[in-house]
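Chain by chain, the residues run as shown.
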Amino acid sequence: QVQVVESGGGLVQPGGSLRLSCAASGSIFSIYNMGWYRQAPGKQRDLVARITSGGSTNYADSVKGRFTISRDGAKKTVYLQMNSLKPEDTAVYYCNVFANPLTETGAYVYWGQGTQVTVSS
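Below you will find a few notes about this structure.

Before going further, it helps to spend a moment on the overall build of the protein. Tallying secondary structure elements over the protein gives 0 helices and 11 strands in all. Sequence-ordered secondary structure for the protein, helices as α and strands as β, is β-β-β-β-β-β-β-β-β-β-β. In terms of overall dimensions, the protein is globule-like: its C-alpha atoms have a radius of gyration of 14 Å, near the 14 Å expected for 121 residues. Taken over the C-alpha atoms alone, the protein extends approximately 45 × 25 × 20 Å along its principal axes. Split into buried and exposed, the 121 residues of the protein put 39% on the buried side. Look at the contacts in the protein between residues 6 or more apart in sequence, and 55% of them connect residues 24 or more apart. For the protein, the accessible surface area stands at approximately 6300 Å², while carbon and sulfur atoms represent 48% of it. Each charge sign in the protein was given a centre, from 11 positive and 7 negative side chains, and these centres are 4 Å apart.

Here you go:
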């Protein structure tokens, strides 16, 4: 089994910063992509940022220049540094891991339970 656990959400004022963390654990052979998605009430879940095993990144246009994704391969952890936060960044943020489990053939997508980020004064 593969577990994905996020942390670091909370309430922050506009213009503030938060850092999200996501750790993958369990029977993992290798991890390919790790990423962050978000879902606001009444909206679909959208990609925020993604990072490959080689370190290549891509971001949603709405967060470019404000958010930075990084990963620690040894710790199987991905981070999302969020600066200059806006009210429209308010959403539940989900971690997404694309990995090979030890117990099965092939690669699968695993999701965390989500962490709430609220940007409000």
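Read on, since the account is not over.
The next thing to look at is the nonpolar core. What tends to happen in soluble globular proteins is that the nonpolar side chains get buried as a cluster. In this structure, W36, L80, M82 and Y93 are the most contacted members of the largest nonpolar core, which totals 30 residues. For this core, the secondary-structure elements that each account for two or more residues are β1 (2-7), β3 (18-26), β4 (28-39), β5 (46-51), β7 (67-72), β8 (77-82), β9 (91-101) and β11 (115-119).

Tracing the backbone through its elements, the reader meets R66 in the loop between β6 (57-59) and β7. In this structure R66 touches Q81, M82, N83, S84, L85, K86 and D89, once residues within four positions along its chain are discounted.

Moving on, we get to the sheet that holds β7. Overall, antiparallel pairing links the 4 strands, which are arranged β1-β3-β8-β7 in an open sheet. The sheet is open, and its two edges are formed by β1 and β7, each paired on a single side. Each strand of the sheet is rotated relative to its neighbour by a mean of 15 degrees, with strand direction disregarded. Alignment of β7 against β8, held across 6 bridges, turns out to be antiparallel. Bridge pairing in β8 links I69 to L80.

The rules behind the values
- Residues numbered from 1 in each chain as written.
- Predicted model: local features only at pLDDT ≥ 70, side-chain atom pairs only at ≥ 80, totals over all residues.
- Heavy atoms only, no water.
- Helix = DSSP H or I, 4+ residues; strand = E, 2+ residues; numbered from the N terminus.
- Rg over C-alpha atoms; globule rule 2.2 N^0.38 Å.
- Buried < 20%, exposed > 50% of the residue type's maximum accessible area, 1.4 Å probe, protein only.
- Contact = heavy atoms within 4.5 Å.
- Areas by Shrake-Rupley, 256 points an atom, 1.4 Å probe, with all protein chains shown as cover.
- Lys, Arg positive; Asp, Glu negative; His and termini not counted.
- Charge placed at Lys NZ, Arg CZ, Asp CG, Glu CD.
- Core = buried A, V, L, I, M, F, W, Y, C linked by side-chain atoms within 4.5 Å.
- Pairing = 2+ DSSP bridges.
- Axes fitted to C-alpha atoms, helices over the stretch in contact; angles between N-to-C directions.

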